[in-house]
Amino acid sequence: MTLKNFLFTSESVTEGHPDKVCDQISDAILDEFLTKDPKSRVAAETTVTTGMALVCGEITSNCYVDIPSVVRNTIKQIGYNGEEGGGFDYKTCAVLTSIDEQSSDIAGGVNKALETRSDNSDTSKDETLDIGAGDQGIMFGYACNETRELMPLPISLAHKLAYRLSQVRKQRLVDYLRPDGKSQVTVEYRNGKPYRIDTIVISTQHDPEIKGISDNKKIQEIIKNDMINLVIKPVFENYDVKPDETTKYLINPSGRFVIGGPQGDAGLTGRKIIVDTYGGYARHGGGAFSGKDPTKVDRSAAYAARWVAKNIVKAGLAEKCEIELAYAIGKSQPVSVLVDTFDTGKISDEELSKIVSETFDLRPAAIIKQFDLRNLPAKNGGKFYQKLAAYGHVGREDFQIPWEETQMADELVKKASSVLVR
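Residues numbered from 1 in each chain as written. Predicted model: local features only at pLDDT ≥ 70, side-chain atom pairs only at ≥ 80, totals over all residues. Heavy atoms only, no water.

Asker: So, the environment of Thr359: which residues are in play, and what are the values?
Answerer: The residue Thr359 is located in helix H9 (residues 349–359) in this model. Under the relative-accessibility criterion, Thr359 is labelled buried at 15%. Along the sequence, Thr359 and Val308 sit 51 residues apart, while their C-alpha atoms lie 9.5 Å from each other. Once residues within four sequence positions are removed from consideration, Thr359 is found in contact with Met408, Glu411, Leu412 and Lys415. Among the polar contacts made by the side chain of Thr359, one reaches the side chain of Lys415 at a distance of 3.1 Å. (Helix = DSSP H or I, 4+ residues; strand = E, 2+ residues; numbered from the N terminus. Buried < 20%, exposed > 50% of the residue type's maximum accessible area, 1.4 Å probe, protein only. Contact = heavy atoms within 4.5 Å. Polar contact = N/O pair within 3.5 Å; in protein donor to acceptor, adjacent residues only side chain to side chain.)

Asker: Any chance you could break down the pairing of strand S7 (residues 193–206) for me, citing the residues and the numbers?
Answerer: In terms of burial, S7 is a largely internal element, eleven of the 14 residues being buried. Alignment of strand S6 (residues 177–190) against S7, held across eleven bridges, turns out to be antiparallel. Bridge pairing in S7 links Val185 to Ile200. A loop of two residues connects S6 with S7, the two strands running antiparallel in sequence, and Asn191 in this loop sits at a positive phi of about 55 degrees. One ladder, built from five bridges, connects S7 with strand S8 (residues 243–251); its direction is parallel. Following the sheet pairing, Thr199 is matched in S8 by Lys248. For the crossover from S7 across helix H5 (residues 216–236) to S8, the handedness is right-handed. (Pairing = 2+ DSSP bridges. Right-handed = clockwise from strand over helix to strand, strands pointing away.)

Asker: Go over the side chain of Asn311, please, and point to the residues and values.
Answerer: Residue placement: Asn311 occurs in helix H8 (residues 297–314). Accessibility expressed as a relative area gives 0% for Asn311, which makes it buried. Apart from residues no more than four positions distant in its own chain, Asn311 is found in contact with Phe360, Glu405, Thr406, Gln407, Met408, Ala409 and Leu412.

Asker: Can you tell me about the packing of aromatic side chains, naming the residues and giving the values?
Answerer: Enumeration according to the criterion identifies 17 aromatic pairs in this entry. Between Phe8 and Tyr281, the ring centres sit 5.0 Å apart and the planes meet at 75 degrees, which makes this aromatic pair edge-to-face. You can see Phe8 sitting in strand S1 (residues 6–13) and its partner Tyr281 sitting in the loop between helix H7 (273–276) and H8, a full 273 residues away along the chain. Overall, Tyr281 belongs to the buried group, its relative accessible area being 15%. By way of ring pairs, the aromatic residues Phe289, Tyr303, Trp307, Phe360, Phe371, Phe384, Tyr385, Phe399 and Trp403 are connected into one cluster. (Phe/Tyr/Trp six-rings, centres within 6.5 Å; stacked < 30°, edge-to-face > 60°.)

The values reported here are purely geometric and, on their own, carry no functional implication.
Okay, here's the thing in structure tokens:
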């Protein structure tokens, strides 16, 4: 039975969170390789801890990238510059690398798809059949009509709060903030729709003293007042559902947050997959995004699934929609495509699944071509995937993302119309 009245919570983190530091380093490395060689195969994993960053993985490319420089520049951009950054320093941290080439066993199935057309037709000129999936796995995409960007309200709010917190720090609207931070929003739903904001949590790293004040109780009072007025209120100006007199504000609920970032907690690429997607409101296949080139369907197919789901909701064919795609390594065609509209569809999920299969080419190379995934870094000044590595890979409105476009909505409406008139 579908719940109608409930509380749902999603979280986000700033780019200074140790796991997000790793995601951004991995994607900065990917950006650099793809900018120089769009056909690079990259699987870059990063871990950070006190005074150290380690990059390991498999990379095959025709170009050279100074990985330590990319690592240090990324850490610098985030804001970890010694004492002001909370102890972690881009200049003095050790940078270790351990990189191998991509396995020839994997490359053999990716470079040329293992299956052939059932009609035995010539596929030598069919670019979309030239690439097999880089791994097996399941990927999910989701969209709903709760927000303008067709995302669930809790994760949309959590991302906006975390992003605003980072803006306040970088614009120095206050001078005591450090890079690490987290947000969390609990939304009350009634009859399946967002009704009110129950709880807002913001945890932000800060200097040990503020304006010469060392008393922690007074420091936390200053932070709470600033977070409400400079972060929370500006975000909710753009939303219909707003905090009310009963909303709970938990600002730095641990009582103090001076030690943070890699000095306070080790970080690892791919450990914030729910933050990266739908905040737990939709299912997740388990594969992370950052540091992976587009032949990895963990990344490219998840983007495609979001694109399909968003176009279905934009077309008005459902109030919410989840797409599941599944792939086998070395095979280009998905082994399954599932559409679930949670009983909100204007036509049956079975009919909608047929329309999706007819309308969208979900083979890996077709997805890469549709979104121009290999060339996006070069087209965006050498930095694209790194920008996705914080504040979500889907639902973004702060820069142009091809899988957020809804150009297929009209086509879906036309094909659904023929079903509705039967």
